Amino acid sequence: MNSKHMANRVKTYLSKPQNIILLLFGIVLTFTTVAPIVAIVKDTLIIHPGTIDAHLTGKTSGYTVVNYVDLFTSKLAKTNLWKPLWNTLLLAVFTCTISILYGGFFAFLVTRTNLKFKKYLSSIFIFPYIMPQWTLAVVWQNVFNSNAVVGTSNGLLASLFGIEMPKWWCQGLFPSSIVLGLHYAPFAYILIGGIFRNMDANLEEAATILDTPKWKTMFRITLPMIKPAILSTILLVFGSAMGSYPVPHYLGLTTLSTKYISLNSKYTGEASILAIIMMIFGVAILTMNQVSLKSRKNYTTVTGKSGQLSKINLGKVGKYLIAVVMVVLTFFTSIFPIFSFALETFLPNPGDYSFLYTKDVSNLTTKWWITNENITENGMYGQKGILYNETIWHAFAGTLLVAVCCALLAGTIGTLIGYAVAKNRRSKWASYVNGVAFLPYLMPSIAVGAAFFILFSNEKINLFNTYTLLIIAGTIKYIPFASRSALNSMLQLSNEIEEAAIIQNVPWFKRMFRIIVPIQKSSIISGYMLPFMTCLRELSLFLLLCTQGFILSTTLDYFDEMGLYAFSSAINLILIVTILIFNTLVNKLTGASLDDGIGSN
Amino acid sequence: MKKKIVSLVLAGTMMAMTLAGCGSSEPQNTSSTPASAAGSEEQKNNEAVEASKEEAPKEEENLSEIEKIIKEAEGMTMEELAKKAIEESNGKTFYGVGNSSRGKTALPLFIEYLQSIDSSYTMEYEWQQPKNNKIFEQLTADSLKETGTFAMTLIQDGNQIESKMVQPGILKTYIPKEWADANGTTADAYEGFLPLQTLNKVFMYNCTGDAVYDNCWDFVAEGNHSLYMDIDSEIVGKNFLYMLTEDKYAAWLKEAFEALDDSDKAYFQPVIDEMKSEAEDLGLGADGAYALAWIKLWVESYNAQTDDGPICNTLVTDSATDQSGLLVYSKLRSVEESAGVSLNNIKVAAYEDGYTGIGGYGYCHYLFVTNNSPLPWTACAFIAYMTCTEDGFSAWGKDMGGYSSNPEVATAIETTYQHSKGGYNEAGENVFECKNDRGYDWWTTDGELVLEDPEYCASVAFTVGSWIELLTKYSAE
């Protein structure tokens, strides 16, 4: 009787598609999230031949905790742990601050004022996010470096105007924070802008009627209302900034990520501890977010009853003046890098801007594009021109494959999870699945990459340098893009709509494709687009999982490190054009876009 | 607060250890090993290295399957080996992994060679070039499989090869018969790894100003910040520093120091004096203090770069006045003359009259068969082809600054490519002096090239190596 009752309960439970989804993905995601963590923890305890643990224990195999002892207590603890950790935290905090201030201020201007050129500014503002993050770092170097200060060849400012920027401006924490802050500012813009745009104006209007000073309205009403968006930005940006490898690497800042790479050869187990420390921060951020969600005052931002938002009048001159300032700013963060990349592909030697001060165009060349052989030595380091370079185009095909697969998998899984969690919003299991799906996003990419490398490099499965591994890692990492986007929109969807179809005995697939998907088209599309775009220029996650030449980002990084800026710039252009084409295509087909109408009002 | 964090983390660690039940029973040192103990550490390492050297040759029955094939291959001629390779790999895919991308260029030439023996022969190939030291992890992971993916490897960094690849038995050395003959040895008599080539990193400087670099100590003089690849990202760069502490090279540094004028000597002498006790603690020879002083000044002054490419790009510009660097010589091949860039903006320090001291650093690309190679005969044949034929080495030989380990191939390459006159134009005029490669023999004698010795590097990696890591690198922070 009991067993029959149980069986009936199970049958009833499994008769709901959302329960099957939650059960299936709960198990799968627990494995895909926990297994890499277990693998990396194990790696901290294993003795690696030829490394510090083998030296200190006098053994070549077995287990030890000497890596922990050495990392935390040796004379090198400051160099290998504390200083990189401190730099990492500073970098993450400054990046969050810059992205929120810049992105938030821009969102305010676009949504709450009568600023001019909104549509153009809104589109152009998200460019730094489209571009691989370290490309701005390379542009920074090309502009500000000088022989006198950093000992390299002169950048544009020094070459053309003799301006030599101080060292703190050229290398270290300051430029790294600025570059990452600019890269992630579109996050803040999209999240904060979304709230500003949909905000109920009644509260602010009430404050105005009560003659509340503007600053008080801002701090007591407006800012608390956008607090959830700020917290979301912190949630998304903090972990990403912590796990960024290329930006601090190019700009000479030692962080946990760069230390992980440099320690890995001789201090392999200790490097894995650094990865764990980065992961702990990911878990801590998620926990803090959960706590904050529970204690957060409930601000209803979207009521559907709000009247027209009152726009702040910047004045006849002000609306143009501020717009021009923003046009100039976004020119340097979005347009100039593209010009700079294009220009770089025509320079005779990497960074050789002699045509500018000689005013002689014969100091330009098309060799980087059209050379179709690599036998003759013509200053191309044994490479064929971009148009004929098999490595670049093979990597491009690989990147497209990985990005498309990751987008389809992460988008579908994430959407299903979002749907199932929304349907079972009070279930603890649903909340667990939601958390475990989001966790990989909060873990720094380099640490996730390291964990996947260790997990899939064993005697039974060896997936290093395979597209399968990249697709697995990318999918797991990017599911949150889709699950969050789907969850947020599904929560707004009344159950009654689907229930009506259930009463009519409409099968689940039909309900999904005829009702849910069409209604939530826009957020579902962004659940596919974000993984696609991010995957195209992802480096930190894939750096440890494949060789250069396998995908575009590792190829781009390889050429950047080698100083072959013509090739890396061309790859940047290829990436940007690809993303823009796909973005436009999706926009035309579905009406959804990244900045999703924030600047259109 | 910091202490609390440390305690918490350590407590967590201990708990993990207890749970895992995997604590080591060995006494645990840390890398904060007192300097006084470091000497005995080095002795321990040396003894281990000596012990492994003195191991009796393995009995036939103790050899792995791959080692048996290698032994057989070592008695075969190139052509005999080629026939075995054809038999083994016809229609299959060959996977190689290496630090040099040129393996990819050499493989199709090798296939053409096999097709010249059997026109029906075909072989697909894939050549991987991992970054950031990943090659060691990749080979280690592959070694766990019964039959590996990679048939062979072309790999640099003798130190890590010795400790991570050779001692654990992951890679096996094969000595081709023709290579041994050309070097006047035999496979049995030859000790060490099989080098494909020696590459040199040499001291260069921008000569558009009036700075004088006529002694290797000038590169570590006050205020000088030579450009160099970060020693943590390119580990062979660290091996260079290890090698300086070897008696022969420490003596070169001392000689160069003695050639300095009094004012320069007065600047460096206090650092050398300070290093005397360190050298003693590290168990170095009589001139060890000179080596440590140079290393300390170098690590605390060099301007870290991501690759030799950007270093070369910088040094040849007219704006890099008086700047110097230690970089791969062959990078000069790819400079294009323009209004702001010229090879005549640069000088190779060791080529200048009156220059005293080390001229640079030589390290090798080594060739190995993996101990679980899926195509061992083909791997041996490919290795023999690269080391014993001009065509096989041509992928590297067309560039200056890379010297075949086979003297016959090296001679043929020089005849074909004339690297000693690499700076001459078609009219026979000497246009770019810095491109006239003086060759391996000159560099290793007059050029005072410091040569990598894998065993020595491995023996000091945790003594001198740990000491280097304690130095504060010159950086933005």
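Residues numbered from 1 in each chain as written. Chains lettered and ligands numbered in written order. Predicted model: local features only at pLDDT ≥ 70, side-chain atom pairs only at ≥ 80, totals over all residues. Heavy atoms only, no water.

(A) A look at the overall build of chain B. The helix and strand inventory of chain B stands at 19 helices and twelve strands. Out of the 477 residues belonging to chain B, those deemed buried represent 58%. For chain B, contacts bridging at least 24 residues in sequence account for 78% of all contacts bridging at least 6. For chain B, the accessible surface area stands at approximately 18700 Å², while carbon and sulfur atoms represent 48% of it. (Helix = DSSP H or I, 4+ residues; strand = E, 2+ residues; numbered from the N terminus. Buried < 20%, exposed > 50% of the residue type's maximum accessible area, 1.4 Å probe, protein only. Contact = heavy atoms within 4.5 Å. Areas by Shrake-Rupley, 256 points an atom, 1.4 Å probe, with all protein chains shown as cover.)

(B) Looking closely at the overall build of chain A. For chain A, the count of helices and strands is 29 helices and zero strands. The globule rule puts the C-alpha radius of gyration for 601 residues at 25 Å, and the 26 Å found for chain A is close to it. Seen through its C-alpha atoms, chain A measures out along the principal axes to roughly 80 × 75 × 50 Å. Within chain A, the proportion of its 601 residues that are buried is 61%. (Rg over C-alpha atoms; globule rule 2.2 N^0.38 Å.)

(C) Up close: the packing of aromatic side chains. Residue and element names in this part refer to chain B. Counted by the stated rule, this structure contains 61 aromatic pairs over all chains. An aromatic cluster is defined as three or more aromatic residues linked by ring pairs; in this entry it consists of Phe-203, Tyr-205, Tyr-213, Phe-219, Tyr-228, Phe-240, Trp-294, Trp-298, Tyr-302, Tyr-361 and Tyr-363. Stacked on the ring of Trp-442, the Lys or Arg Arg-438 has its end atom at 5.0 Å from the ring centre. (Phe/Tyr/Trp six-rings, centres within 6.5 Å; stacked < 30°, edge-to-face > 60°. Lys NZ or Arg CZ within 6 Å of the ring centre and 35° of its normal.)

(D) How the structure looks around the environment of Leu-203 of chain A. Checked against the element boundaries, Leu-203 of chain A lands in helix H13 (residues 202–209). Beyond its immediate sequence surroundings of up to four residues, Leu-203 of chain A is in contact with Ile-221 and Met-225 of chain A.

(E) Representation of helix H10 (residues 247–258) of chain B in the model. All names here are of chain B. With twelve residues, H10 extends 16 Å from end C-alpha to end C-alpha; this agrees with the ideal 16 Å at 1.5 Å per step. Within H10, the full set of buried residues consists of Tyr-249, Ala-250, Trp-252, Leu-253, Ala-256 and Phe-257. Looking down the long axis of H10, one finds its buried residues gathered within 155 degrees of arc, a one-sided arrangement. Where the residues of H10 are buried, they touch helix H9 (235–244), helix H11 (262–281), helix H12 (288–299) and strand E12 (449–451). (Expected span 1.5 Å × (residues − 1). Arc of directions from axis to C-beta.)

(F) Layout of the pattern of salt bridges. Residue and element names in this part refer to chain B. Under the counting rule described, the total for this entry stands at 23 salt bridges over all chains. For Lys-71, the salt bridge identified is with Asp-188, shortest N-O distance 3.7 Å. Of this pair, Lys-71 sits in helix H3 (residues 65–73) while Asp-188 sits in the loop between helix H8 (177–182) and strand E5 (194–206), and the two are 117 residues apart along the sequence. Lys-347 is the salt-bridge partner of Glu-352, the closest N and O atoms lying 4.0 Å from each other. (Salt bridge = Lys/Arg side-chain N within 4 Å of Asp/Glu carboxyl O.)

(G) Expanded view of the pairing of strand E1 (residues 93–98) of chain B. Residue and element names in this part refer to chain B. Judged from the five bridges that link them, E1 and strand E2 (residues 124–128) form a sheet pairing that is parallel. Within the sheet, the bridge partner assigned to Tyr-95 lies in E2 and is Glu-126. In this fold, the crossover linking E1 to E2 by way of helix H5 (residues 103–117) has right-handed handedness. Here E1 pairs with strand E3 (residues 152–155) via three bridges, running parallel. Across the sheet, Gly-96 pairs through a bridge with Met-152, a residue of E3. (Pairing = 2+ DSSP bridges. Right-handed = clockwise from strand over helix to strand, strands pointing away.)

(H) Local environment of the interface of chain B and chain A. Contacts between the two partners involve 78 residues from chain B, matched on the other side by 79 residues from chain A. Across the interface of chain B and chain A, roughly 6700 Å² is buried in total on both sides, 55% from carbon and sulfur atoms. In this structure, the salt-bridge partner of Glu-469 of chain B is Lys-266 of chain A, at a minimum N-O distance of 2.9 Å. Along the contact surface separating chain B from chain A lie 17 residue pairs in polar contact (both at pLDDT 80 or more). Broken down by element, the side of chain B that touches chain A gets its largest block of residues, seven residues, from helix H1 (residues 2–20) of chain B. Across the side of chain B that touches chain A, the residue classes break down as 24 nonpolar, 33 polar and 21 charged. (Buried area = accessible area lost by both parts, 1.4 Å probe. Polar contact = N/O pair within 3.5 Å; in protein donor to acceptor, adjacent residues only side chain to side chain. Nonpolar A, V, L, I, M, F, W, Y, C, P; charged D, E, K, R; others polar.)

(I) Quick look at the nonpolar core. Formed by 266 residues in total, the largest nonpolar core has its most connected members in Trp-217 and Phe-240 of chain B. Top element by residues in this core is helix H21 (residues 390–423) of chain A. It accounts for 15 residues. With residues near it in sequence (within four places) discarded, Phe-240 of chain B still touches Phe-203, Tyr-228, Trp-294, Leu-326, Ile-358, Gly-360, Tyr-361 and Val-450 of chain B. Ile-86, Ala-151, Val-369 and Ala-381 of chain B belong to the second largest nonpolar core, which has 47 residues in total. (Core = buried A, V, L, I, M, F, W, Y, C linked by side-chain atoms within 4.5 Å.)

(J) View of H9 of chain B. Taking burial as the measure, the ten residues of H9 of chain B include ten buried ones, the bulk of the element. Of all the residues in H9 of chain B, the buried ones are Ile-235, Val-236, Gly-237, Lys-238, Asn-239, Phe-240, Leu-241, Tyr-242, Met-243 and Leu-244 of chain B.

(K) Structural view of the side chain of Ser-569 of chain A. Residue and element names in this part refer to chain A. Looking at the secondary structure, you find Ser-569 in helix H29 (residues 565–590). From its side chain, Ser-569 meets the backbone oxygen of Tyr-565 in a polar contact 2.6 Å long. Once you skip the residues sitting within four places of it in the chain, Ser-569 turns out to touch Phe-341, Glu-344 and Thr-345.

(L) Spotlight on the confidence of the model for chain A. All names here are of chain A. Scored by pLDDT, chain A comes out at a mean of 85, with 93% of its residues at no less than 70. Counting contacts from residues 296–305, a segment whose pLDDT is below 50, to residues more than four positions away or on other chains yields eleven contacts. For residues 597–601, every residue scores under 50 in pLDDT, and the model assigns this stretch 19 contacts once sequence neighbours within four places are set aside. (pLDDT = per-residue confidence, 0-100.)

(M) Broad picture of the packing of helix H4 (residues 78–89) of chain B against helix H14 (residues 376–388) of chain B. All names here are of chain B. Their axes nearest at 8 Å, the elements H4 and H14 cross at an angle of 140 degrees. Regarding the angle of H4 to H14, the classification is oblique. At the point where H4 passes H14, the crossing takes the left-handed sense. On H14, the residues that touch Met-78, Leu-81, Lys-84, Ala-85, Glu-88 and Ser-89 of H4 are Pro-376, Trp-377, Thr-378, Cys-380, Ala-381, Ala-384 and Tyr-385. Here the residues of the contact of H4 with H14 sort into nine nonpolar, two polar and two charged. (Axes fitted to C-alpha atoms, helices over the stretch in contact; angles between N-to-C directions. Parallel < 35°, antiparallel > 145°, perpendicular 65-115°, else oblique. Left-handed = near helix turned anticlockwise from the far one by under 90°.)

(N) Structural detail: the side chain of Thr-32 of chain A. Residues and elements named next belong to chain A. Looking at the secondary structure, you find Thr-32 in helix H2 (residues 17–45). With relative accessibility at 13%, the residue Thr-32 sits in the buried group. Among the polar contacts listed, one links the side chain of Thr-32 to the backbone oxygen of Leu-29, at a separation of 3.2 Å.

(O) Representation of unusual backbone geometry within the structure. Residue and element names in this part refer to chain A. In this structure, Asp-211 is a non-glycine residue whose phi angle is positive, near 60 degrees. For Asp-211, the position within the fold is in the loop between H13 and helix H14 (214–242). At Lys-359, a position not held by glycine, the phi torsion is positive, near 55 degrees.

(P) Highlighting the confidence of the model for chain B. Residue and element names in this part refer to chain B. Taken as a whole, chain B shows an average pLDDT of 87; of its residues, 87% reach a score of 70 or greater. Taken as a whole, residues 1–55 scores under 50 in pLDDT and shows 68 contacts with residues more than four places along the chain or in a different chain. For this predicted complex, the interface confidence score (ipTM) comes to 0.77, while the overall pTM stands at 0.81.

(Q) Here's a closer look at a nonpolar patch on the surface. Residues and elements named next belong to chain A. On the surface, Met-6, Val-10, Tyr-13, Leu-14, Ile-20, Leu-23, Ile-27, Trp-429 and Tyr-432 cluster together into a nonpolar patch covering about 770 Å² of accessible area. Residue assignment for the nonpolar patch shows that the elements contributing at least two residues are helix H1 (2–14), H2 and helix H22 (428–442). Looking at the nonpolar patch, the element that brings in the most residues is H1, giving four residues. What makes Tyr-432 partly exposed here is its relative accessible area of 34%. (Patch = residues over 30% accessible without salt bridge, like charges linked within 9 Å, V, L, I, M, F, W, Y side chains within 5 Å.)

(R) Quick peek at the environment of Ile-392 of chain A. Residue and element names in this part refer to chain A. In this fold, Ile-392 is placed in helix H21. Relative accessible area serves as the criterion here: at 0%, Ile-392 is assigned to the buried category. Taking C-alpha positions, Ile-392 is 32 Å from Leu-91, a pair spaced 301 residues apart along the chain. If sequence neighbours within four positions are ignored, Ile-392 has contacts with Ile-386, Leu-552, Phe-559, Phe-567, Ile-571 and Ile-574.

(S) Here's a closer look at the environment of Thr-12 of chain A. All names here are of chain A. Within the secondary structure layout, Thr-12 lies in helix H1. A residue is classified by how much of its surface remains accessible, and Thr-12, at 49% relative accessible area, is partly exposed. Remark: the alpha-carbon pair of Thr-12 and Phe-332, spanning 320 residues in sequence, is separated by 59 Å.

(T) The pairing of strand E8 (residues 324–328) of chain B, seen in detail. All names here are of chain B. Among the five residues in E8, five count as buried, and that is most of the element. Bridge count for E5 against E8 is five bridges, and the pairing is antiparallel. Paired with Phe-203 across the two strands is Leu-326, which belongs to E8.

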